[in-house]
Amino acid sequence: MTIAPPVRQATSLFLERFGSRPTVLVSAPGRVNLLGEHTDYNGGPVLPFAMEQRTVVAVGPASTWRAVSTLDPDIQDLNPELIERGHWTAYLSGVIRVLGRRGLAPRGASLAVASSVPAGSGLSSSAALTVATARALANLAGHRIPPELAADVAFHAEHDEVGVRCGRMDQTVAARARADHALLFETGTGEVLHHPLASRVWLFDTGVRHRLSGGALNQRRQECEVALGLARELGCRAEALAAIPEADVGDLVRSIPAPWGPRLRHVVTETARTRRAAAALASRDLTTLGRLLVEGHESLRHDFQSSCPEADHLVEGAVELGALGARLTGAGWGGTVIALLPPEREEQIAAELGLRFQAAYGRLPQVWSTRAGPGLRSEK
Ligand code: GLA
């Protein structure tokens, strides 16, 4: 995995396809969520960090909209009036529409995208793209937009325009992350705190791909809404699932049938785990953090049912081999397992885990590690 942001690739692609140098270059990172899964659209906390891999968006003035990427080098003419769901340019059109409504869009632009963030791996390549595009296009139109605003534009582009009923975690961390820190984002209040994260985190790609706009996340979100409705019928006063006290979960789950009861239990216990994990990070207690990761994975597996056998295999294997903790990160149903490994044996455990996976599934997983990198920034 390359670590330097692919600025040169974006610049030369732009030059090659559009015949001039780009005016503005912006990059944003992929994200790794340490803990707090499916809490962000339920009013709860999340604890992600920015990975070192980034997406670079190079833009220049034009009278129409056209885009290329290193993965799709043929020029795509964009019509922001028409969102082509399932196509990567939908994210660009979404951003253009949201910026346009806010008076922040240029009249047209050429865009070239290069990325080292793996797509479809639960590492939020889409937020890296929308956040970087939001700032790049606003800058091209002469507006300086702060990270908070870039995150908000990107969120509305994905949620309202592309139609993924996501929360705000991915765009917030892509825009506002700090190097060597994880970000505790309380989605209920909007509060953001940065906690030191010096350790390397290992990533194991299950190779199982999901398509978010395809619906599993939207379905879970709807189940969470039903679960909240059922809890309220039972006299619960919480405004959001994450606001339900942990002590009430046992009674509620006895009265609320599956799948809604277990969905509720996941969100409430995950909320508590995430705050404990943030406290563990603040006191540099990686043992507790690791244990919370494993508990979080169990909850995803059994209560939220968003894991997959390949991820369960990797988490169990990591723990057996001596990891401090491991779990599936991101929306789920495939994607990437993260692991905290003891530094003195990390290479050895990572290699061994890869081999075990190969023995079970007939292919070596993509394995790499990352530290916490910076959020959105302008490039030269
Ligand atoms: C996706 C969404 C996020 C969040 C996670 C699950 O990544 O984009 O907002 O809901 O799933 O934690």
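None of the values given here were measured: they were computed from a predicted structure.

**Structural notes on the packing of aromatic side chains**
Here comes step 1: With the rule as written, the count across this model stands at two aromatic pairs.
Here comes step 2: Taking 4.9 Å as the distance between ring centres and 70° as the angle between the ring planes, the aromatic pair formed by Phe14 and Phe18 counts as edge-to-face. Taken together, the residues span about one helical turn, with Phe14 and Phe18 both in helix α1 (residues 7-18) at a distance of four residues.
Here comes step 3: A cation sits over an aromatic face here: Arg220 above Phe304, 5.8 Å from the ring centre.
Here comes step 4: The side chain of Arg263 reaches across the aromatic face of Phe304, ending 6.0 Å from its centre.

**Some words on helix α4 (residues 147-162)**
The α-helix winds at 3.6 residues per turn, so residues separated by three or four positions along the chain end up facing the same way.
Here comes step 1: If you check α4, its first and last C-alpha atoms are 21 Å apart, about what 16 residues at 1.5 Å a residue would give, namely 22 Å.
Here comes step 2: If you check which residues of α4 are buried, you get Ala150, Ala151, Asp152, Val153, Ala154, Phe155, His156, Ala157, Glu158, Glu161 and Val162.
Here comes step 3: The secondary structure elements touched by the buried residues of α4 are α2 (89-101), α3 (125-140) and α5 (169-176).

**Things to note about the layout of surface pockets**
Here comes step 1: Roughly 980 Å³ of internal volume is contained in the largest pocket.
Here comes step 2: As for the largest pocket, its lining consists of 45 residues, of which Tyr91, Ala119, Gly120, Ser125 and Ser126 are closest to the centre.
Here comes step 3: Contributions of two or more residues to the lining of the largest pocket are made by α2, β5 (109-115), α3, α4 and α5.
Here comes step 4: In terms of residue class, the lining of the largest pocket is built from 19 nonpolar, 18 polar and eight charged.
Here comes step 5: Size it by volume and the second largest pocket reaches roughly 160 Å³.
Here comes step 6: Taken together, 11 residues form the lining of the second largest pocket, with Ala4, Pro5, Pro6, Val7 and Gln9 sitting closest to its centre.
Here comes step 7: Taken together, the elements giving at least two residues each to the lining of the second largest pocket come down to α1 and β5.
Here comes step 8: Of all the elements, α1 adds the most residues to the lining of the second largest pocket, at three residues.
Here comes step 9: Grouping the amino acids of the lining of the second largest pocket by side-chain chemistry returns five nonpolar, five polar and one charged.

**A look at the site of the ligand**
Here comes step 1: With respect to spatial proximity, the complete set of residues near the ligand consists of Arg31, Glu37, His38, Asp40, Tyr41, Cys166, Gly167, Met169, Asp170 and Ala331.
Here comes step 2: The side chain of Arg31 places a nitrogen or oxygen atom 3.0 Å from an oxygen atom of the ligand.
Here comes step 3: Notes on the ligand: free accessible area 310 Å², of which the protein chains cover 98%.
Here comes step 4: Put simply, the ligand lies in the largest pocket.
Here comes step 5: Residues that form the shell around the ligand fall into these classes: four nonpolar, two polar and four charged.

**Thoughts on the pairing of strand β1 (residues 24-35)**
The side chains of a regular strand alternate between the sheet's two faces.
Here comes step 1: Here β1 lies mainly inside the structure; 12 of its 12 residues are buried.
Here comes step 2: Here β1 runs beside strand β12 (residues 377-379); their pairing, made up of three bridges, is antiparallel. Along β12, the bridge assignment pairs Leu25 with Glu379.

**A word on helix α8 (residues 260-282)**
Here comes step 1: Over its 23 residues, α8 runs 33 Å from end to end, which matches the ideal 33 Å to within 8%, given 1.5 Å per residue.
Here comes step 2: Of all 23 residues in α8, 17 are buried, a share of seventy percent or more.
Here comes step 3: Positive backbone phi, approximately 55°, marks Arg284, located one or two places after α8.

Rules and cut-offs
- Residues numbered from 1 in each chain as written.
- Predicted model: local features only at pLDDT ≥ 70, side-chain atom pairs only at ≥ 80, totals over all residues.
- Heavy atoms only, no water.
- Phe/Tyr/Trp six-rings, centres within 6.5 Å; stacked < 30°, edge-to-face > 60°.
- Helix = DSSP H or I, 4+ residues; strand = E, 2+ residues; numbered from the N terminus.
- Lys NZ or Arg CZ within 6 Å of the ring centre and 35° of its normal.
- Expected span 1.5 Å × (residues − 1).
- Buried < 20%, exposed > 50% of the residue type's maximum accessible area, 1.4 Å probe, protein only.
- Contact = heavy atoms within 4.5 Å.
- 1 Å grid on protein atoms, 1.4 Å probe; cavity = no way out; pocket = protein on both sides within 12 Å on 5 of 7 lines; lining within 4 Å.
- Points joined across faces, edges and corners; volume = space filled by probe spheres on them.
- Nonpolar A, V, L, I, M, F, W, Y, C, P; charged D, E, K, R; others polar.
- Near = heavy atom within 4 Å.
- Polar contact = N/O pair within 3.5 Å; in protein donor to acceptor, adjacent residues only side chain to side chain.
- Areas by Shrake-Rupley, 256 points an atom, 1.4 Å probe, with all protein chains shown as cover.
- Sits in = over half its atoms within 2 Å of the grid points.
- Pairing = 2+ DSSP bridges.

Interpretation in functional terms is not warranted from these geometric data alone.
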